[in-house]
Amino acid sequence: LASRKTACRHSSHRTDIFISHQNSYSKANNKMADKAIEQIAKGETHNLKHVETTDKSAPIIEGDVKVKKVDREGFLTEVVKGADLKHAETADKSAPIIEKDVHIGEN
């Protein structure tokens, strides 16, 4: 980890220092995990502590909530059928305002 010992003012070098430190930390964790898995495979579980866990990955759905099945065919039929729209009067103001004394011609 020579890059950790080197001090440099350039920002890319500081990034390299951080990355090399982070990689060494990950390698140490991987070694610990590999050692634990190896011990479990051998049946050496006397060093492991018992842990109680609570699985909170499932969604919380209240008891009175009913989930209905979606009628996809009916929904698609309604979409294809279309909707009855009422006529609406609009004033299109998107065109540019050109004063009367301005004449526009070809270049």
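Relevant structure appears above.
This text gives an overview of the structure that appears in the document.

Cut-off values and rules
- Residues numbered from 1 in each chain as written.
- Predicted model: local features only at pLDDT ≥ 70, side-chain atom pairs only at ≥ 80, totals over all residues.
- Heavy atoms only, no water.
- Helix = DSSP H or I, 4+ residues; strand = E, 2+ residues; numbered from the N terminus.
- Buried < 20%, exposed > 50% of the residue type's maximum accessible area, 1.4 Å probe, protein only.
- Areas by Shrake-Rupley, 256 points an atom, 1.4 Å probe, with all protein chains shown as cover.
- Salt bridge = Lys/Arg side-chain N within 4 Å of Asp/Glu carboxyl O.
- Patch = residues over 30% accessible without salt bridge, like charges linked within 9 Å, V, L, I, M, F, W, Y side chains within 5 Å.
- Contact = heavy atoms within 4.5 Å.

1. Quick notes on the overall build of the chain
Within the chain one finds three helices and zero strands. The burial tally for the chain puts 2% of its 107 residues in the buried class. Of the roughly 11700 Å² of accessible surface on the chain, 55% is carried by carbon and sulfur atoms.

2. Brief notes about the pattern of salt bridges
Evaluation of the coordinates by the stated rule reveals one salt bridge. Between Lys42 and Glu38 there is a salt bridge, with its nearest N and O atoms 3.4 Å apart. You can see Lys42 and its partner Glu38 sitting in helix H2 (residues 11–42), four residues apart, about one turn around the helix. A relative accessible area of 56% places Lys42 in the exposed class. Overall, Glu38 belongs to the partly exposed group, its relative accessible area being 47%.

3. What about a nonpolar patch on the surface?
A contiguous nonpolar patch, built from Ile61, Val65 and Val67 and spanning about 310 Å² of accessible area, is present on the exposed surface. Structurally, Ile61 can be placed in the loop between H2 and helix H3 (72–81). Residue classification places Ile61 among the exposed positions, given a relative accessible area of 54%.

4. Concerning H3
It helps to recall that an α-helix has 3.6 residues per turn; residues three or four apart then point in one direction. Judged by how many residues are buried, H3 sits mostly at the surface: zero of ten residues are covered. Two residues or fewer after H3 comes Gly82, characterised by a positive phi angle close to 90°.

5. Topic: the side chain of Gln39
As for its position among the elements, Gln39 is in helix H2. Overall, Gln39 belongs to the buried group, its relative accessible area being 19%. Sequence-distant contacts of Gln39, that is, excluding residues within four places in its chain, are made with Glu44 and Asn47.

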